[in-house]
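# Overview (structure and organization)
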Amino acid sequence: MYGLVNKAIEEMVRSHFSDDTWEQIKQKAEIKTEAFVSMEGYPDDVTHRLVVAASEVLELSPAEIMHAFGKYWVKFTANEGYGELMDMNGDDLPEFLENLDDLHARVGVMFPKLQPPSFDCDDADEDALTLHYHSEREGLAPMVLGLVEGLGERFETEVDISQTQSREEGADHDQFSVKYKAKCPFHGSR
Ligand code: 1DX
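Here goes a summary of the coordinates provided. None of the values given here were measured: they were computed from a predicted structure.

### So, the pattern of salt bridges
Taken as a whole and judged by the stated rule, the model has 9 salt bridges. Here arginine 137 makes a salt bridge to aspartate 44, at a shortest N to O gap of 2.8 Å. One end of the pair, arginine 137, is in the loop between β2 (128–134) and α7 (141–154); the other, aspartate 44, is in helix α3 (residues 44–58), and 93 residues separate them in sequence. Residue class for arginine 137 comes out buried when judged on its relative accessible area of 13%. Lysine 71 serves as the salt-bridge partner of glutamate 153, at 3.8 Å between the closest nitrogen and oxygen. One end of the pair, glutamate 153, is in helix α7; the other, lysine 71, is in helix α4 (residues 62–87), with 82 residues separating them in the sequence.

Structure, rendered in structure tokens:
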């Protein structure tokens, strides 16, 4: 994955915990690189090791780390130069989710090593939709929970997301039920 992902993990740990905690995690994950470069590709294994090490140092499950990280990613990328990319992608939660593949396509033009996941929405109505998530990577479903909750914060929308199908349990792909309600009906409703 692009270094931007590892940098986001680093920033999440440094801001929520401390520089010292980050050094501990980095050491445990056996990361020799001094600093991650956003636009450089890194093996997925580096990210996996960071999540496992963070889970040991912070005494949280890997799923909890991924969940928190998904939420953090939405804020982090918005502040890291990708706010406009996000702004362009939709004015409310369901529209944003519907357009996620286009967002990844735009990023992929500039960064060809991107291995984007694919998101599909169906059964969308005023207050709920079914979200289908396809990825080449395994084990990232807990992150999707956080990503969608992060989008809820971004659009000031109450979100209730639960996983309804799991690839880990033999399903063809991960599937989620997403319920939402804009807190201010003049923002983020269609
Ligand atoms: F709901 O499933 C909201 O490296 C969502 O495989 C979901 O393959 C927002 F410059 C620049 C760059 C860089 C910008 F090249 C990425 F470095 C991408 C910014 C997406 C904002 C996907 C990150 C593939 C890296 C799923 C988890 C991975 C998608 C991560 C979240 C908006 C993004 O993101 C999987 C890679 C961006 C960039 C967004 C992702 C790779 C998402 C979301 N993905 C790199």
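### Some thoughts on the site of the ligand
The ligand sits among 25 residues. The nearest are Tyr2, Gln115, Tyr133, Ser135 and Arg137. Tyrosine 2 has a polar backbone atom sitting 2.9 Å from an oxygen atom of the ligand. Between an oxygen atom of the ligand and a main-chain N or O atom of glutamine 115, the distance comes to 2.9 Å. Protein contacts shield 99% of the accessible area of the ligand, which totals 850 Å² for the unbound molecule. If you list the elements that add at least two residues to the shell around the ligand, you get α1 (3–16), α4, α6 (100–110) and α7. With 4 residues, the top contributor of residues to the shell around the ligand is α6. In terms of residue class, the shell around the ligand is made up of 19 nonpolar, 5 polar and 1 charged.

### Some remarks on the nonpolar core
Formed by 54 residues in total, the largest nonpolar core has its most connected members in Leu97, Leu131, Phe176 and Val178. Ranked by residue count, the leading element in this core is α4, at 9 residues. Setting aside residues up to four positions removed in sequence, valine 178 forms contacts with Leu93, Asp127, Ala128, Leu129, Leu131, Val148, Val159, Asp160 and Ile161.

### Observations concerning unusual backbone geometry
A positive phi angle, near 55°, is found at glutamate 59, a position not held by glycine. Locating glutamate 59 in the fold gives a position in the loop between α3 and α4. Of note in this structure, aspartate 123 is not a glycine but carries a positive phi near 55°. Among the secondary structure elements, aspartate 123 is positioned in the loop between β1 (118–122) and β2.

### Looking at the side chain of arginine 137
One polar contact links arginine 137 to aspartate 44, side chain to side chain, over a distance of 2.8 Å. Here arginine 137 is in contact with Met1, Asp44, Gln115 and Arg167, once residues within four sequence places are set aside.

### Side note on the packing of α1 against α4
Across the interface, α1 lies against α4 with an axial gap of 9 Å and an inter-helix angle of 105°. Classed by the angle they form, the pair α1 and α4 counts as roughly perpendicular. Contacts between α1 and α4 involve Leu4, Val5, Lys7, Ala8, Ile9, Glu11, Met12, Ser15 and His16 from the former and Ile65, Ala68, Phe69, Tyr72, Trp73, Phe76, Thr77, Glu80 and Tyr82 from the latter. By residue class, the composition of the contact of α1 with α4 is 12 nonpolar, 3 polar and 3 charged.

### Notes on the sheet that holds β1
Pairing is antiparallel in the open sheet, where 4 strands are placed in the order β1-β2-β4-β3. On the outer flanks of this sheet lie β1 and β3 (157–165), each paired with one strand and no other. Pairs of neighbouring strands in the sheet enclose a mean axial angle of 25°, with direction left out of account. Bridge analysis of β2 against strand β4 (residues 174–182) gives 6 bridges, and the strand direction is antiparallel. Looking across to β4, one finds that threonine 130 is bridged to serine 177. Lying over the sheet, α7 contacts β1, β2, β3 and β4, oriented at roughly 160° with respect to β3.

Scoring rules and cut-offs
Residues numbered from 1 in each chain as written. Predicted model: local features only at pLDDT ≥ 70, side-chain atom pairs only at ≥ 80, totals over all residues. Heavy atoms only, no water. Salt bridge = Lys/Arg side-chain N within 4 Å of Asp/Glu carboxyl O. Helix = DSSP H or I, 4+ residues; strand = E, 2+ residues; numbered from the N terminus. Buried < 20%, exposed > 50% of the residue type's maximum accessible area, 1.4 Å probe, protein only. Near = heavy atom within 4 Å. Polar contact = N/O pair within 3.5 Å; in protein donor to acceptor, adjacent residues only side chain to side chain. Areas by Shrake-Rupley, 256 points an atom, 1.4 Å probe, with all protein chains shown as cover. Nonpolar A, V, L, I, M, F, W, Y, C, P; charged D, E, K, R; others polar. Core = buried A, V, L, I, M, F, W, Y, C linked by side-chain atoms within 4.5 Å. Contact = heavy atoms within 4.5 Å. Axes fitted to C-alpha atoms, helices over the stretch in contact; angles between N-to-C directions. Parallel < 35°, antiparallel > 145°, perpendicular 65-115°, else oblique. Pairing = 2+ DSSP bridges.

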